[in-house]
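Architecture at a glance
Read off the chains here:
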Amino acid sequence: MVWWLIAFSHGDLAPGEGTAVPCVTSIHSFSSAFLFSIEVQVTIGFGGRMVTEECPLAILILIVQNIVGLMINAIMLGCIFMKTAQAHRRAETLIFSKHAVITLRHGRLCFMLRVGDLRKSMIISATIHMQVVRKTTSPEGEVVPLHQVDIPMENGVGGNSIFLVAPLIICHVIDSNSPLYDLAPSDLHHHQDLEIIVILEGVVETTGITTQARTSYLADEILWGQRFVPIVAEEDGRYSVDYSKFGNTVKVPTPLCTARQLDEDRSLLDALTLASTRGPLRKRSVAVAKAKPKFSISPDSLS
């Protein structure tokens, strides 16, 4: 419409009238003006129509249309890219257990939580970080309302990297270097100023975009003396994951004392029976060595 108005005001639409040099050559109707606008918009340039030096307004409209066309292309590409990437949608499929637990593992008190991925596409270079946020007071009397302390994760390969091929139990050994070293069962109530933040980061396999999932556990969301139930089972040479039991826990014998007290008095473990926790693990390890099963997600567990 703009190009047609320029040609109409300059007298280029009426043959034999107006100046000899038109603003845009070969524009005789609205259809030819529309075709020229398309050539400018997508930079085709068939060569039959072009802007002359006769009309400065036509040159200005040409520049404006080129800039607007570039902006429209950029916006469309950005919308398509954001629609296909959907990093936040991918983070929604990374789930954490509703509660964290503190129980014994290898004779040491451990803080544990469970993390899983509902999609079959893997998260590449997945790392997990944990921090304790609590209110502290320095020896000089300064009150730090949000004091953050990193929690090291027990990992056989070193670092915070994890291989999230199946739901994993993230374990932190409460030792003398842990900020939970003096945490007792009586401290796990909603009045306790304690929060543990868990951050899972990784690269989406299909798009290559970094995604992040976060959760946190308050003091009353940490269960003392409980352990996560197994959800990975072997069926017909394959591993199946039952996500309906993802956050289920079971009570196990655990000393009702801090990790510091347990280190100072190891006799507290004498009254606990730990032999029952080893039997199923031995059978499962033998089955894995023989069958080499693959992981699969049970459809019934997602309903």
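So, here is what we can say about the structure in this document. (Residues numbered from 1 in each chain as written. Predicted model: local features only at pLDDT ≥ 70, side-chain atom pairs only at ≥ 80, totals over all residues. Heavy atoms only, no water.)

What to know about the nonpolar core
Quick note on the threshold: Nonpolar cores are built from buried Ala, Val, Leu, Ile, Met, Phe, Trp, Tyr and Cys residues. Side-chain atoms within 4.5 Å join them into one set. Under the scheme applied here, a residue whose accessible area is under 20% of the maximum for its type counts as buried, over 50% as exposed, and between as partly exposed, the area being computed with a 1.4 Å probe on protein chains only. For helices the rule is a DSSP run of H or I covering at least 4 residues; for strands it is a run of E covering at least 2, with both sets numbered from the N terminus onward. Whether two residues are in contact is decided by their heavy atoms: any pair within 4.5 Å suffices.
In this structure, Phe-111, Leu-113 and Leu-200 are the most contacted members of the largest nonpolar core, which totals 38 residues. No other element matches strand S4 (residues 123-137), which puts 5 residues into this core. Filtering out sequence-adjacent residues up to four positions away, Leu-200 remains in contact with Leu-94, Phe-96, Val-115, Ala-126, Thr-127, Ile-128, Ile-162, Leu-164, Thr-211, Gln-212 and Ala-213. Of all hydrophobic cores here, the second largest spans 11 residues; its members include Val-24, Ala-33, Val-40 and Cys-55.

Focus on the packing of aromatic side chains
Selection rule: Classification of ring pairs uses Phe, Tyr and Trp, with its six-membered ring standing for Trp, and accepts pairs whose centres are within 6.5 Å; under 30 degrees between planes counts as stacked, over 60 as edge-to-face, and the remaining range as tilted.
What the rule picks out here adds up to 3 aromatic pairs. Here Trp-3 and Phe-36 contribute two aromatic rings whose centre-to-centre distance is 4.9 Å and whose plane-to-plane angle is 85°, an arrangement assigned as edge-to-face. Of this pair, Trp-3 sits in helix H1 (residues 2-10) while Phe-36 sits in helix H2 (residues 30-41), placing them 33 residues apart in sequence. Judged by its relative accessible area of 4%, Trp-3 is buried. Geometrically, the ring pair formed by Tyr-243 and Phe-246 is stacked, given 5.9 Å between the ring centres and 20° between the ring planes. The buried category is assigned to Tyr-243, whose relative accessible area is 9%.

Things to note about the pairing of strand S12 (residues 232-235)
Our working rule: Being paired, for any two strands, means DSSP has found at least two bridges between them.
Pairing between S12 and strand S13 (residues 238-241): 4 bridges, direction antiparallel. Paired with Ala-233 across the bridge in S13 is Ser-240. Between S12 and S13, which follow one another and run antiparallel, lie 2 residues, and Asp-236 among them has a positive phi close to 55°.

Focus: the state of the cysteines
The line we're drawing: Here, the term disulfide refers to a pair of cysteine sulfur atoms separated by no more than 2.5 Å.
Within the structure shown, the criterion is met by 1 disulfide. The disulfide partner of Cys-23 is Cys-55, and the S-S distance across this bridge is 1.6 Å. The disulfide joining Cys-23 to Cys-55 has a torsion of about -50° about its S-S bond and is therefore left-handed. Placement of Cys-23 in the loop between H1 and H2 and of Cys-55 in the loop between H2 and helix H3 (56-85) is noted, with a sequence separation of 32 residues between them. When its relative accessible area of 1% is taken as the criterion, Cys-23 is described as buried. Not engaged in a disulfide, the cysteine Cys-110 finds its nearest cysteine sulfur in Cys-171; these two sulfurs lie 3.7 Å apart. On the accessibility criterion, Cys-110 (1% relative accessible area) is buried. For Cys-171, a relative accessible area of 3% gives the class buried.

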